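Residue-level listing of the chains:
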Amino acid sequence: MNNVIYVKFPKQSKRKLPRQRVFYIGQYYAGPPLCQSLEKLWLKRKPNNRWVFQQKCYGRVYEWEEYDGDDLLDVLEGIPMAEEITIDDLLEMGWYHSGEVIPI
């Protein structure tokens, strides 16, 4: 005699990414100390937890260097933003930290 056990597996992953790929993260201070201006900055999500900063100027989009998700927090700390970006904001955008393994 066989015992049949029915198991329901989730068809969708628990972690859902937003459909949007480009996020406005705020303004940052650009220029020399006495002539600073506020520039707008966007963050674009790419596949495999890769991120790139975008800046729009005169109708054109300029992309900065591409960063890994683990390095994104360090890069954001180096940019003089007008308002602070929290980890909760990044999690809503689809960012995740892969962590590191420390051998014992």
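Since the structure is predicted, the reported quantities are computational estimates derived from the model, not experimental observations. Every chain begins its residue count from 1, and numbering advances along the sequence as written. A pLDDT threshold of at least 70 governs which residues receive local features in this predicted model, and a stricter bar of 80 or more applies before side-chain atom pairs are shown or counted, although totals over entire chains, interfaces and linings include all residues. Processing note: side-chain calculations cover all non-hydrogen atoms of the structure and skip hydrogens and water entirely.

Asks: Just checking my understanding: could you explain the packing of aromatic side chains for this structure?
Replies: In this description, an aromatic ring pair is defined by two values, namely the gap between the centres and the angle between the planes. Within 6.5 Å between ring centres, the rings of Phe, Tyr and Trp (the latter by its six-membered ring) count as paired, and their orientation is classed by plane angle as stacked under 30 degrees, edge-to-face over 60, tilted in between. Tallying each qualifying case throughout the model produces four aromatic pairs. Ring geometry for phenylalanine 53 versus tryptophan 64: centroids 5.7 Å apart, planes at 50 degrees, classification tilted. Here tryptophan 64 lies in strand 4 (residues 60–68) and phenylalanine 53 lies in strand 3 (residues 50–57), a separation of 11 residues in the sequence. Think of it in three bands: residues with accessible area under 20% of the maximum for their type are buried, residues over 50% are exposed, and the middle band is partly exposed, with areas taken using a 1.4 Å probe on protein chains only. Classification of phenylalanine 53 as buried rests on a relative accessible area of 0%. Tryptophan 64 gets classed as partly exposed once you look at its relative accessible area, which sits at 30%. Taken together, Tyr28, Phe53, Trp64 and Tyr67 form an aromatic cluster joined through their ring pairs. Where helices and strands are cited, they refer to DSSP runs of H or I of at least four residues and of E of at least two residues respectively, numbered from the N terminus.

Asks: Just to check I follow, could you spell out the side chain of glutamine 55 for this structure?
Replies: Structurally, glutamine 55 is set in strand 3. On the basis of relative accessibility, which here comes to 15%, the residue glutamine 55 falls in the buried class. Residues adjacent in sequence count toward polar contacts only when both atoms are side-chain atoms; beyond that, a polar contact is any pair of N or O atoms within 3.5 Å, and within protein one must be able to donate a hydrogen and the other to accept it. In this structure the side chain of glutamine 55 is engaged in a polar contact, spanning 3.4 Å, whose partner is the side chain of glutamate 39. Residues are treated as being in contact if the distance between any of their heavy atoms lies within 4.5 Å. Ignoring anything within four residues of it in the chain, the contact list for glutamine 55 reads Tyr28, Glu39, Lys40, Arg60, Val61, Tyr62 and Trp64.

Asks: Hey, could you run me through the layout of surface pockets in this one?
Replies: One water molecule sets the probe size; rolling that probe over the atoms shows where empty space is left. Buriedness of a pocket was judged along seven lines, with at least five required to meet protein on both sides within 12 Å; pockets are open sets of points on a 1 Å grid over the protein atoms alone, cavities are sets where a 1.4 Å probe fits but cannot get out, and lining residues have an atom within 4 Å of a point. Grid points are joined across faces, edges and corners, and a volume is the space filled by probe spheres set on the points. Approximately 180 Å³ is the volume attributed to the largest pocket. Around the largest pocket sit Leu73, Leu76, Glu77, Ile79, Met81, Glu83, Glu84, Ile85, Thr86, Ile87 and Leu90, which together line it. Secondary-structure elements contributing two or more residues to the lining of the largest pocket are helix 1 (72–78) and helix 2 (87–93). Looking at the lining of the largest pocket, the element that brings in the most residues is helix 1, giving three residues.

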